Every structure is written in C-alpha cells, then in structure tokens.
Amino acid sequence: MTVVSLDGRRFRAVADVAGGEVGTETLFTYHQNDSEIWGTYAGGSVRRGFLVGTLNGDSIDFRYTQLNLAGETSSGHCVSRITVLADGRLRLDESWEWESRPGSGSSAVEEVINGT
C-alpha cells in the first residue's frame, strides 16, 4: 500500500476505548518527516498526550505518554496499521499496551475532515 503523508492529519477514536483513556472526544494531530511520526492529542479523559515513533510501510510503531484529567501520567506502546477507507480518509487500527500500568487492548481512529 502506498500511504500518503500523515503530516497534519487529524483523527478521532471511533469508540470509547475499554481499558484506556482515549474516547470519541479525543482528537489526535499527526506529523511526519520521512519515516518519523509524532503527534499530540487531547480531549475527553486525556488532558494532554504525546506520541513519537516510526512508519514502516503501512504500520506505525510508537510510544505514547499522557496526562489525564485526574493529574495522573501514563505511558505505553502502540502498533497501528493504516488503511484507506472508501471515502479516501485514513483509518488506524491499533494494538496497544500500557507500560506504566497493567492493561492492553485494541482500538481504531479515523481521519477527521473539516472539523467533524
């Protein structure tokens, strides 16, 4: 799969994430320089979050760290597979695990167009 750049693209979770703190109110903004990926996210239970990683083909491997509304910090590891939806937006299917506390799971985020 040939993936267009993730630079400047925004994503939202398609559902609240069981065992995690990301939800449908969480907005992610990604940046990219060659295979380097980084981003920020906030909303819902997440006050502020950061991610950094690498892109290899249609897969992103990254670490994340975040601060929740209760003032607690957490960190973890995620691998996301990129797919292109029928309408041309991107979807990231994620497999994640906390590294700072117990828990793991899967989730998906889809690209947001025009603020929706």
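Residues numbered from 1 in each chain as written. Predicted model: local features only at pLDDT ≥ 70, side-chain atom pairs only at ≥ 80, totals over all residues. Heavy atoms only, no water.

Q: What am I meant to see in the overall build of the protein here?
A: If you tally the helices and strands in the protein, you get zero helices and eight strands. Mapped in sequence order, the helices and strands of the protein form the string β-β-β-β-β-β-β-β. Over its C-alpha trace the protein gives a radius of gyration of 13 Å, about what one expects of a compact globule, namely 13 Å for 116 residues. Taking the principal axes of the C-alpha coordinates as reference, the protein spans close to 40 × 30 × 20 Å. Of all 116 residues assigned to the protein, the portion counted as buried reaches 37%. For the protein, long-range pairs separated by at least 24 residues make up 31% of all intrachain contacts whose partners lie at least 6 apart in sequence. Total accessible area on the protein is roughly 6,100 Å²; 48% of this is exposed by carbon and sulfur atoms. (Helix = DSSP H or I, 4+ residues; strand = E, 2+ residues; numbered from the N terminus. Rg over C-alpha atoms; globule rule 2.2 N^0.38 Å. Buried < 20%, exposed > 50% of the residue type's maximum accessible area, 1.4 Å probe, protein only. Contact = heavy atoms within 4.5 Å. Areas by Shrake-Rupley, 256 points an atom, 1.4 Å probe, with all protein chains shown as cover.)

Q: Even after reading the chapter, I still don't get the sheet that holds strand β4 (residues 46–56), so can you show me in this structure?
A: As a general point, the strands of a sheet are linked pairwise by backbone hydrogen bonds and lie either parallel or antiparallel. Here eight strands make up a closed barrel; going around it, the order is β1-β2-β3-β4-β5-β6-β7-β8 and the pairing antiparallel. Shown here is a sheet whose adjacent strand axes are inclined to one another by a mean of 30 degrees, direction ignored. Both strand β6 (residues 73–84) and strand β7 (residues 90–98) contribute to a ladder of nine bridges, which runs antiparallel. Bridged to T83 within β7 is R91. (Pairing = 2+ DSSP bridges. Axes fitted to C-alpha atoms, helices over the stretch in contact; angles between N-to-C directions.)

Q: Would you take a moment to explain the pattern of salt bridges for this structure?
A: Pairing between side chains of opposite charge can happen when the charged atoms of each approach one another. Going through the model one piece at a time under the given rule, you end up with eight salt bridges. Note that D58 and R81 form a salt bridge whose closest N and O atoms lie 3.2 Å from each other. With a gap of 23 residues between them, D58 in the loop between β4 and β5 (59–68) and R81 in strand β6 connect regions that are remote in the sequence. On the basis of relative accessibility, which here comes to 47%, the residue R81 falls in the partly exposed class. Salt bridges linked by common partners bring D87, R89, R91, D93 and E110 together as one network. (Salt bridge = Lys/Arg side-chain N within 4 Å of Asp/Glu carboxyl O.)

Q: Help me understand the environment of R48 in this model?
A: Relative to the helices and strands, R48 resides in strand β4. Along the backbone, R48 and L69 are 21 residues apart, and their C-alpha atoms lie at a distance of 8.8 Å. In this view, R48 contacts Y41, A42, T65, Q66 and L67; residues no more than four positions away in its chain are not counted.

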